[in-house]
Amino acid sequence: MRRFVTEFRFFTILAFRSRTLLFFSLLVPTGSLLLFGFVFGQNVIPLPGSGGVSYSVWLLPGIIVMNMIASGLMGNSTAMITWRERGIFQRILVTPTAPWEVMLARACTQVLVIVVQTIVAIIVGSLVFHFTFNPLYAPLSLLFIVLGSAVFLLLGQVIASFTDRVEIGNIISQGLYILLTFLTGILLPLQILPDIVSKVAPFTPSYMVAELLRSAMLQGNAGSAPLADIVGCLLYCAAALGLSAAFFRMLR
Amino acid sequence: MSGNSAAIISIESVHKSYGSLKALDGVSLQICSAECFGLLGPNGAGKTTLLSCIEGLISFQEGHITVNGYDVARHPRKVKSILGVQLQDETLFTDLKAIEAIQFYGALYNTFPSRAEALALLERFDLAEKHNARIGTLSGGQQKRLTLALAMVHGPAIVLLDEPTTGLDPQARHHIWDIVRRLRSEGKTIILTTHYIEEAEILCDRVGIIDHGKILALGTPRELIERMGNLSTVRASLYLPAEKLQQLQTADCVQAVSSDNGLLSVQTSDPQRVLALLEEIGQETGSRPQNVSIRQPNLEDVFLSLTGRSIGPAD
C-alpha cells in the first residue's frame, strides 16, 4: 500500500507540474463553460421530474464529462504510447513492481484531476451562473465520476493498444472526442440534434456517463434509466479491458 | 576469473529468435561474484537481447538463466529484486526532480529512501547539487549518472549496465568509468555491454566477444589479446577496389583485412612486408597510402581476427 501511495503521490506531482495538462484540464473546460453558458445560458432545458434548469446549469456536468473524455481518450492514450515509445514501461518492467499497479496509480491521479476540475467547474458555475450544488449529492456524483473516468481511461488504453505512434493515437482520440462531445448530448441537448443522432447517442458511453452524472449532480439521483446506463458503462469497461489485455504491449 | 569463483549468474545454451533472425544462438556464460564482465560487440550483435533475457524483460525459446540460484523464467520478480539495471537510452519522467526520481523508483523496489538517503545516493554519483533539478534539465552525462544511481537505489549486489557511456563526451565517459570502478571496488558484480574497445579493456575483468548472437571468445582482455600471438595492425588511409582487397587478403603474412570508408586495417605478423605491399598496390591503383600507423594488438584486433571485420565506430 505504501508503494502505491508513493506512486500516486509522484504522479500527482507530475500532473500538477504539467502546464499542458493544467491548460487542458482547467482553462479549456472553464473557458468552454463560460463561453457556452453566456451564449446559450438563457435557454431552459427540461429535466425529468422537474420544471427544468437553465442551459448553463445543465451544461456543467457535461463539461465534466467532456474533461473525462479528454483525459481518458486523449490523455491516457498519448501517455501509454509515449511510455512505450520512450522506454518508460521498460524501466518499470525491470523492477519487481507489476506495471498494472503503476498504471492504476496514474489512473487514480487522473481521477483526482477530474475531481479538481469538477470543484473548479462548480465554483465557476456558482459564481457566474448561480449554480447551487447540494453537498449531499457529492458521494453519488463522485461514484459516477470514478465510473466515467474508468470507461474513458480504458477506451484510451484500447487506442494505445492498436497504434505505436502518438500522432496516429491523437488523430483517433481527437476524432472520437469530437464525436462523443458534440453528438451525444453532453454539450447540446439531444432534442436539438438530428433524429439519427438522438437514436444512436444513448448507446454511447459519453451519453450514459453524462446522464448519470447530470442526474447525480443536479437531482441527487441516478437518472431515468440508471440500470441501463450503469450496465452499459460496465460493459464498455469490460470490452475495453478485454481488448487491452489481449493487444496492449508495453515494449517497443 | 577474478573475485569469488562461484557463478552468480549462469547462462546455459540460450536461444532467442525474432522470426528468422537469431538474436541469441546458444549463448552460455558463467558470471562470477564480484567480477566486472564486459560484453563487447557491434550494434545488433545480441548484447542488449542477452541482458534483456537476464532482466526478465523478454522470454527466450531455449536454455536456462539463473541469477543467484533463481531461475529467471520461474522467479522473475525475485530476480528483478536482486538486479540493478541501467537500460540503454533510458528515459525517465522529465518533470520529476532528481531526488524525486530516486524516491519514486526506490518505491518500485519496495525501498522507501528518505530525503537524506536519496541525497546520499545522489552524492555518490556526484549529483547532490542537482537534487532539485528537473530531470529534463540535466545534461546527458548527468542523466546517465542518475540512471546509474537509480540502478543502485535498492543496493543490489548485481548490476547490469547496457552501454552506459554511449553518446557521452569523453569527460562524461571518464566520469562514468570512475563510478564503475568504484562499484567494482565495493564488490558489486557488474555486467556491462559496450562497443568501446578501450572501455572493455580498462574496466572489465573478463570480456565476452559477441557477434550474430554467439559468444566468439571469452577471457580476460590480456588472455584474448595474447591469443593473437605476435600480430600487429597496420592502418592506412587508402581506398582499394574489391579485387585489390582480395589480393591483399591472400598474402601469406596477412591474417585479416577490413576497409571502412577508405580506412584500411590489416592484421599481420610482418608489418614491414604489409607496408611494402600497400605501396605496391597503391602504385598499381594510382594512390598512395596515407596516415600509416602500426600498433600492437588490442581487443579490436581480436574482434577483427574472429569476425573478419571491424567492430565499427561507436554511435
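Scroll up a little and you will see the structure.
Summary of the structure given here. Keep in mind that what you see is a predicted model, and the values were worked out from it rather than measured.

1. Observations concerning the sheet that holds strand β8 (residues 189–194) of chain B
All names here are of chain B. Strand order across the open sheet formed by 6 strands is β6-β7-β8-β3-β9-β10, with mixed pairing between neighbours. Each end of this open sheet is capped by a strand with a single partner; those strands are β6 (83–86) and β10 (214–219). Looking at each pair of strands side by side, their axes are set apart by 15° on average, direction ignored. Relative to strand β9 (residues 206–211), strand β3 (residues 36–40) is paired through 4 bridges, and the arrangement is parallel. Looking at β9, one finds that Phe37 is bridged to Arg206. Each of β3, β7 (158–162) and β8 is contacted by helix α6 (residues 170–185), which is oriented at about 150° to β8, the strand it contacts most. Against the sheet, helix α11 (residues 299–307) makes contact with β3, β9 and β10, and its axis sits at roughly 35° relative to β9, the strand it touches most.

2. Thoughts on the pairing of β6 of chain B
All names here are of chain B. Because side chains alternate across β6, one face comprises the buried residues Leu83 and Val85, and the other comprises Gly84 and Gln86, equally buried. With 4 bridges joining them, β6 and β7 adopt parallel strand pairing. Residue pairing for β7: Val85 is matched across the bridge by Leu160.

3. Quick word on the interface of chain B and chain A
With 28 residues of chain B in contact, the opposing surface of chain A contributes 24 residues. For the pairing of chain B and chain A, the buried interface totals around 2,700 Å² over both sides, and the portion due to carbon and sulfur atoms is 63%. Inspection of the region where chain B meets chain A yields 2 salt bridges. Here Glu90 of chain B and Arg91 of chain A are joined by a salt bridge, their closest N and O atoms 2.6 Å apart. Inspection of the region where chain B meets chain A yields 10 residue pairs in polar contact (both at pLDDT 80 or more).

4. So, helix α3 (residues 98–108) of chain B
The buried count for α3 of chain B comes to 11 of 11 residues, which makes it a mostly enclosed element. Restricting attention to buried positions, one finds in α3 of chain B the residues Ala98, Ile99, Glu100, Ala101, Ile102, Gln103, Phe104, Tyr105, Gly106, Ala107 and Leu108 of chain B. Here the buried face of α3 of chain B lies against α1 (2–17), α4 (88–93) and α5 (99–129) of chain A together with α4 (115–124) and α5 (140–151) of chain B. Positive phi appears at Asn110 of chain B, one or two residues downstream of α3 of chain B, with a value of about 60°.

Conventions we followed
- Residues numbered from 1 in each chain as written.
- Chains lettered and ligands numbered in written order.
- Predicted model: local features only at pLDDT ≥ 70, side-chain atom pairs only at ≥ 80, totals over all residues.
- Heavy atoms only, no water.
- Pairing = 2+ DSSP bridges.
- Helix = DSSP H or I, 4+ residues; strand = E, 2+ residues; numbered from the N terminus.
- Axes fitted to C-alpha atoms, helices over the stretch in contact; angles between N-to-C directions.
- Contact = heavy atoms within 4.5 Å.
- Buried < 20%, exposed > 50% of the residue type's maximum accessible area, 1.4 Å probe, protein only.
- Buried area = accessible area lost by both parts, 1.4 Å probe.
- Salt bridge = Lys/Arg side-chain N within 4 Å of Asp/Glu carboxyl O.
- Polar contact = N/O pair within 3.5 Å; in protein donor to acceptor, adjacent residues only side chain to side chain.

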